[in-house]
Each structure stands twice: as structure tokens, then as C-alpha cells.
Amino acid sequence: MIPEIGQFALILALCLAVAQGVLPLVGAARGQERLMRSGTFLATGQFVFLAISYAALTWAFVTSDFSVQYVTQNSSLALPMQYKVTAVWGGHEGSLLLWVLILAAWGVAVAAFSKALPREMLARVLAVLGLVSVGFIAFTVFTSNPFERMIPMPADGTDLNPLLQDPGMIAHPPLLYMGYVGFAVVFAFAIAALIGGRLDAAWARWSRPWTTVAWVFLTLGIGMGSWWAYYELGWGGWWFWDPVENASFMPWLTGTALIHSLAVTEKRGGFKTWTLMLAILTFALTILGAFLVRSGVITSVHAFATDPERGVFILGMLAVTLLASFALYAIRAPKVGLGGGFGWYSRESLLLANNALLAVACAAVMIGTLYPLVLDTFSMSKISVGPPYFDAVFTPLMLPLLFLIGIGPTVAWKQSDPVQTYRQLRYVLVVSVLLGAVWPLAMGAWSPLTALALMLGIWIILTAALDMRNRMARRKGRGGAAMVRGVMQPSYLGMHMAHVGLALVVIAIAMVTTYEVERDARMAPGEAVSVGGYQFTMLNVGPVEGANYDADRANIVVTRNGREVAMLTPEKRRYFSQPEMPMIQASLNRGPFRDLYVSLGEPLDEHAWIVRLYYKPFMFWMWTGCILMALGGFLAASDRRYRLKARESSGTSQRVDTAAGKAAGEVG
């Protein structure tokens, strides 16, 4: 009975989404207050019914209701309870239900926190979100129903994929979906602005916090996925240029460009048409990501479905989204002014270069991701595009971008003087070059690309520190409290925190790529192997049992200079549901400057095993950098000036634009 309630609630949510997509739009066109206000109630009702549907599916997993086919395919009686809960989104159908639930939650959030918007604008935004919900809920109902019954009911399920029985499964998909779906809000603001013809700085100010929050969640989702793959797959990789990874990385790149483009639109009234285009393309890339993951066109540990019919449905959604959006764009965009002019050397020109580099980088990733699929589809040939292509194409685009990040905050809007910038930053440049050149020597091996990457990472950190120092110095005459407030302003501090986080990621990538040490060794109890200055000694290997698996566990003690550093316990697991597919459970000892990583391979004889040993420098900096980027984004989005109430009167509107413009100037 519970699954039927869930399915009925899902259908009711679809009906409310249809109403949400139509009624507020009609109300805005006719000026009917009641219809415009209906969007809030319809969005709330849609969320409630989707929550009921999701709760029903969760209950089916918790109670092991194997009459539900999706539960049978992704759970078992022996599956631990925490993984029964996460198994709800462990397959295609349940993850899609989570997707639409999060989309509805974003709609409720927009309705709750955007009451200061003009009524017509809010109505149009909610209507567009309703239409987006129609597409995804219809996809769930008609092609991916998670409540289909299985007759006769089996006594047990086939279990959750062992790769997904990990704590990383708890956070990674929800965070990623929050980011993916959050860009639907940005898209809704852009389309609402195009429909209403209001393409001034106001819509940029309204949508900018939502853009930043969506970007934050996507950043956390990508970082969490990288961290999970790093320790779960057993060979120490953290980014593979896998097509599904690229599917999330492409909207992250355009979303990053969109954040900076919105700053120019809000502050200077420029880049209006380009900003609208970025909002549309970023959302379209999230739909493309859904296609790659759910269509079966690729084979990946990250992919969900292998049904081409579902892929056709998503391609149809993508086509409708792009055609409708570009048609509206073509009608409205030519009427938009160019905004304020700017010189060849100004903050606007640097942000334009920022956008160009990010857009080209996204195009390069898209070509490398889709080109093999296109060739395979038309039966031309089968090729594989891997890290050599992406490293060769992507890296040269990022190097100038990293250099511009250090310059950007010091350059004035409209027109600036490059000589003044040089005078201000010349000592920082010298120090960055020296430290970037010397640091690799201290690590024992010098590489030009590594030195350049380290120089750029240090450059970003030092220019951020210098800019904060100069900002405090300019407020010195106002007292110590004013100096502190100047650098603690959320938008300003968030900007530099995100940039420093990126610098830490760049440094970590350079270090681990150049200086990691890997060794595959034959080890038996009592034998020792040296890696990266550490001694790894195998004590023993013995059997252990888990809730739904048994395993062989090695005990390996790590010492340095005769002192014990860590006890590592890698496992080779065999899950009862899939004994033919043993799983590696790596063991790590993490530190601020290095990770020690051990995974257990195959047995060679009664006593000896193949063991993979890693010394990975500065991995902690990578995860810290991701967290700093996300915290910086949250700080920037929390700036209270974005929450100032918009009013119709021109005088008050001008005051609000000016205040928010200052925020844009500081963040951008």
C-alpha cells in the first residue's frame, strides 16, 4: 500500500508542476494578483507530494519490501541500515526521484526568500521552475517509475553495488544534485527576465546569490566525489577525466564564468546578453550531464542507466530547452543595450578574459567527452580520449587564468593603469617566482611546469594577502574596527577565500602529480618495503567478517626513523551478493603534508600478497582548497546587501543598485 501512495503522490506532484508552469505565467501576463500568488502555493504543494513519494520509497527500503522491483535491485536483507537509506538514490529511478525532490525544494526556497522581488518577476521565475519540474517529473513517471511491482516477490534482493556501500554515498549525490538543480533557478531568473523584458542590473542582483549557492553545492559535490574515488577505488586516483566526471565539471566551469559575468552586469550594466547566454548554457549542460549519466551511451562506475529510450527523452528535454530559450533570446537580446564602456585594461576586460578562458576550457572538455561518443554512434570508429588530451588542452588555458586571478582585485572598473598595477604587485611577483622556483628543489626534483604551477598558486595567495592589507591601510584613519570590518565583509572575504582555496588545489595537483611515489610489492608477514622515506612492514593477513561480506585484512605497520607512524589495515572484500567481484578497501594515514596509502591486491601463495603502496604529498591541501572555495562562495552569497528590499520607486531602487553594486565590485 505504501508504494501505491508514493506513486500517487508523484502523479499529483506532476499535476501541480503543470499548474505551476502555467498559472503564474498567465497571471503575470494579465496582471492578476491571485494567479501570480498561486505559484508559491503550487511550489509548496509539489514539494510536499514529492517528499511523501520519497518517504514512501525510503520506507520500502527500510522495511525490505522486495515487492518493489527497484528495492530488489538495490538492496538485500543483509545490507546495513545506513546503506539501505542511501540505496534509495543508489540507482537510476531513486536518484531521479531525489533530483526532482531537490528541484522542488529549490522552488520552495525561491518562493520563501524572494518575496522582495516584484510580483511579476517572482511569478515568472516560479513558472519556469514549474515547467522544468514538469519535464523531470514526467521523465520519472513515464520512463523511470521507482514503484513498479515485482511479482512474485523474491525472498531477498540482489544487494546494493558494493562500490556504493561507503560513507561517501551519503553526501556525494545529494551535494552534486543540489548544485546541478540549483542552476535551474539561475536559468529561471534569466528566462523570466527575458519574458518580462527587464534585462537591467536588477535581475543580475536577484539571481547572483542563487548562482553562487548552486556553484557552492556543485563544488562540494565534485570535491566529495573526487575524495571518495581517491580512497574507494584502491589505486589512489583523484580525477580520471571520466565522461561522467566531465559532465559535472562542464557546468562548474560555465557556472564559474557566470558568477564573474554577473558581477559586471550588476555593477556596470555590461555583459548583459553574454550573462543571459551563460545562464542558459549552464542549465543546458546540467541536462547534458543527466543524458550522459542516464542514457547508457557511456560505460562508467558513475553511470546509472543503460536504457537508450531514457536517453531519447532527455535529449528531447535538452532540445526543447535550447530551442525555446534561444528563440526567446533571439527576440529579446537585440533590444538590450551594451552597458557601460570600458578600457582595454580594466576589471571588466580582465573578467571578459576570465569568461573567455573558462568558456574555451569548457568547450575543450566537451569535445574530448562527446567526440568519441559521436564517432561510436555513427559507427565510424571507437576511440578513447583520456588524460593526455585533457592535460595538453586544458592546462594551457588555466595558466593565464590563474595569473589573472591575482591581478583582478587590484584593477579598477572602467579604466585602470597597468603601470600602477605593476608597481603595486612587482614585489609579490618576484617573491612568487622565487618561491615557485625553489620549492621544487627542496622536494628533490625540479620541473618547469611544477615550478610554474607553484608560482601561480603562491601568486594568488600573496596577492590576496596584499589586497587585504591595502584595504585595511585605506581605512586606517577610521579606527581599528573599521579596518577589521573592511576585510571581514562577507562578499570581499568570500572572494579571496575562494581564490586561495583554488590556489591550494593548484599547489596540491602540482605536488602530487610530480612527487608521488607508487610501488607494487610482493609482501609476506615480516617483510618490509620502503616508499617515500617510510618503512612499510606487513605483520599478518587474517580473515574478518562484515554484515554482508567477508574479507582478508592485512596489518601493516608504518615506521620512519625507527618510530611508528601508523598502523594501516587494507582489506580485500568479497560481498555475499557478488562474490565474483572482490572489492579493495584501501587504508590511509592522512597528514597535512602527505598521505600514506596502502591497498591489498591478489594473493600470490599461501603467505605472500601483492600490495600497492603510495606516498602522496599535499593531498590534504586539495581537500582543504575545495572546502575553502565552498566557504568563500557561501560567504559571498550571504552578503546582507543582496537581501535589501527592492522597491518600485526609482529613488529607492537607485540606492539599492548602488549598495549591491559595491558588493559586486568587491566580489568580482
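Residues numbered from 1 in each chain as written. Predicted model: local features only at pLDDT ≥ 70, side-chain atom pairs only at ≥ 80, totals over all residues. Heavy atoms only, no water.

Let's talk about the packing of aromatic side chains
On inspection of all chains with the given rule, the structure shows 32 aromatic pairs. Ring centres 5.2 Å apart and planes at 45 degrees place the aromatic pair tyrosine 549 and tyrosine 575 in the tilted group. Here tyrosine 549, found in strand E4 (residues 549-560), pairs with tyrosine 575, found in strand E6 (residues 571-575); they are 26 residues apart in sequence, far enough to count as distant. Each member of the pair, tyrosine 549 together with tyrosine 575, is buried. Taken together, the aromatic side chains of Trp215, Trp239, Trp241, Phe249, Trp252, Tyr389, Phe390 and Phe394 make up a single cluster linked through ring pairs. Sitting over the ring of tyrosine 492, arginine 471 keeps its end group 4.0 Å from the ring centre. The ring of tyrosine 534 has arginine 560 sitting right over it, with the charged end atom 4.6 Å from the ring centre. (Phe/Tyr/Trp six-rings, centres within 6.5 Å; stacked < 30°, edge-to-face > 60°. Helix = DSSP H or I, 4+ residues; strand = E, 2+ residues; numbered from the N terminus. Buried < 20%, exposed > 50% of the residue type's maximum accessible area, 1.4 Å probe, protein only. Lys NZ or Arg CZ within 6 Å of the ring centre and 35° of its normal.)

Overview of the environment of serine 144
Tracing the chain through its elements places serine 144 in the loop between helix H6 (119-143) and helix H7 (168-196). Considering only alpha carbons, one finds serine 144 and leucine 57, 87 residues apart in sequence, at a separation of 13 Å. In this structure, serine 144 is in contact with His92, Glu93, Leu96, Phe139 and Arg310, ignoring residues within four places of it in sequence. A distance of 2.7 Å separates polar atoms of two side chains, one belonging to serine 144 and the other to histidine 92. (Contact = heavy atoms within 4.5 Å. Polar contact = N/O pair within 3.5 Å; in protein donor to acceptor, adjacent residues only side chain to side chain.)

Focus: helix H1 (residues 2-30)
Helix length check: H1 (29 residues) gives 42 Å between terminal C-alpha atoms against 42 Å at 1.5 Å per residue, within 8%. Considered for burial, the residues of H1 that qualify are Pro3, Gly6, Ala9, Leu10, Ala13, Leu14, Ala17, Gln20, Gly21, Pro24, Gly27 and Ala28. Residues of H1 that are buried make contact with helix H2 (33-62), helix H5 (92-113) and H6. Positioned one or two residues after H1, glycine 31 has a phi angle of 70 degrees, which is positive. (Expected span 1.5 Å × (residues − 1).)

Digging into the pattern of salt bridges
As enumerated under the stated definition, the model contains 17 salt bridges in all. A network of salt bridges, in which partner residues are shared, links Glu4, Asp65 and Arg149. (Salt bridge = Lys/Arg side-chain N within 4 Å of Asp/Glu carboxyl O.)

Some points on the environment of isoleucine 314
With respect to the helices and strands, the residue isoleucine 314 is situated in helix H11 (residues 308-332). Spatially, the C-alpha atom of isoleucine 314 lies 26 Å from that of tryptophan 274, the residues being 40 residues apart in sequence.

Topic: the side chain of serine 346
Inspection of the secondary structure puts serine 346 in the loop between H11 and helix H12 (347-377). In terms of polar contacts, serine 346 uses its side chain to reach the backbone carbonyl oxygen of glycine 343, at 3.1 Å.

So, the confidence of the model for the protein chain
The share of residues in the protein chain with pLDDT of 70 or more is 91%, and the mean pLDDT across the chain is 88. This stretch, residues 645-668, has a pLDDT under 50; its non-local contacts, to residues over four places away or in other chains, come to 51 contacts. (pLDDT = per-residue confidence, 0-100.)

Some details on the state of the cysteines
All told, the structure shown has 0 disulfides when counted by the stated rule. The thiol sulfur of cysteine 362 is not disulfide-bonded, and the nearest other cysteine sulfur, from cysteine 626, lies at 18 Å. Judged by its relative accessible area of 4%, cysteine 362 falls in the buried class. Assessed through its relative accessible area of 16%, cysteine 626 is described here as buried. (Disulfide = S-S within 2.5 Å.)

Some words on the packing of helix H9 (residues 243-268) against H12
Relative orientation of the contacting elements H9 and H12 amounts to 160 degrees, with a least axis distance of 9 Å. Here H9 lies roughly antiparallel to H12, going by the angle between them. Relative to H12, H9 is oriented so that their crossing is left-handed. Here H9 contributes Pro243, Asn246, Phe249, Met250, Leu253, Thr254, Thr256, Ala257, His260, Ser261, Val264 and Arg268 to the contact with H12, which in turn contributes Glu348, Leu351, Asn354, Asn355, Leu358, Ala361, Cys362, Val365, Met366 and Thr369. Among the residues making up the contact of H9 with H12, the classes are represented as 12 nonpolar, 8 polar and 2 charged. (Axes fitted to C-alpha atoms, helices over the stretch in contact; angles between N-to-C directions. Parallel < 35°, antiparallel > 145°, perpendicular 65-115°, else oblique. Left-handed = near helix turned anticlockwise from the far one by under 90°. Nonpolar A, V, L, I, M, F, W, Y, C, P; charged D, E, K, R; others polar.)

Side note on a nonpolar patch on the surface
On the surface, a cluster of nonpolar side chains totalling about 580 Å² of accessible area is made up of Met1, Ile2, Ile5, Val48, Ile52 and Trp59. Sort the elements by how many residues they give to the nonpolar patch and H2 lands first, with 3 residues. In this fold, valine 48 is placed in helix H2. On the basis of relative accessible area, valine 48 is assigned to the partly exposed category, the value being 40%. (Patch = residues over 30% accessible without salt bridge, like charges linked within 9 Å, V, L, I, M, F, W, Y side chains within 5 Å. Areas by Shrake-Rupley, 256 points an atom, 1.4 Å probe, with all protein chains shown as cover.)

Some remarks on the packing of helix H14 (residues 418-443) against helix H17 (residues 490-515)
One way to put it is that H14 packs onto H17 with a least axis distance of 12 Å and a crossing angle of 35 degrees. Between H14 and H17 lies a crossing of right-handed hand. In this structure, H14 contributes Trp439, Pro440 and Met443 to the contact, and H17 contributes Ile507, Met511 and Tyr515. A per-class count over the contact of H14 with H17 returns 6 nonpolar, no polar and no charged.

Some details on the pairing of strand E3 (residues 534-545)
Taken together, the 4 bridges between strand E2 (residues 528-531) and E3 define a ladder with antiparallel strand orientation. Of the residues in E3, the one forming a bridge with alanine 528 is threonine 537. Counting the residues in the hairpin turn of E2 and E3 gives 2 residues, including glycine 532, whose phi is positive at 60 degrees. Bridge count for E3 against E4 is 10 bridges, and the pairing is antiparallel. Bridge pairing in E4 places glycine 542 opposite arginine 553. Linking two consecutive strands that pair antiparallel, namely E3 and E4, is a turn of 3 residues. (Pairing = 2+ DSSP bridges.)

A short note on the sheet that holds strand E9 (residues 594-603)
Overall, antiparallel pairing links the 4 strands, which are arranged E1-E10-E9-E8 in an open sheet. Each end of this open sheet is capped by a strand with a single partner; those strands are strand E1 (517-523) and strand E8 (587-590). Adjacent strand axes in the sheet meet at a mean angle of 15 degrees, parallel and antiparallel pairs treated alike. As paired strands, E9 and strand E10 (residues 609-617) are joined by 8 bridges and run antiparallel to one another.

Re unusual backbone geometry
Outside of glycine, negative phi angles account for most residues, and trans bonds account for most peptide bonds. Cis geometry marks the peptide bond from isoleucine 151 to proline 152, where omega comes out at -5 degrees. Relative to the helices and strands, proline 152 is located in the loop between H6 and H7. Its identity as a non-glycine residue notwithstanding, lysine 414 has a phi of 75 degrees, on the positive side. Take lysine 414: it is sitting in the loop between helix H13 (387-407) and H14.

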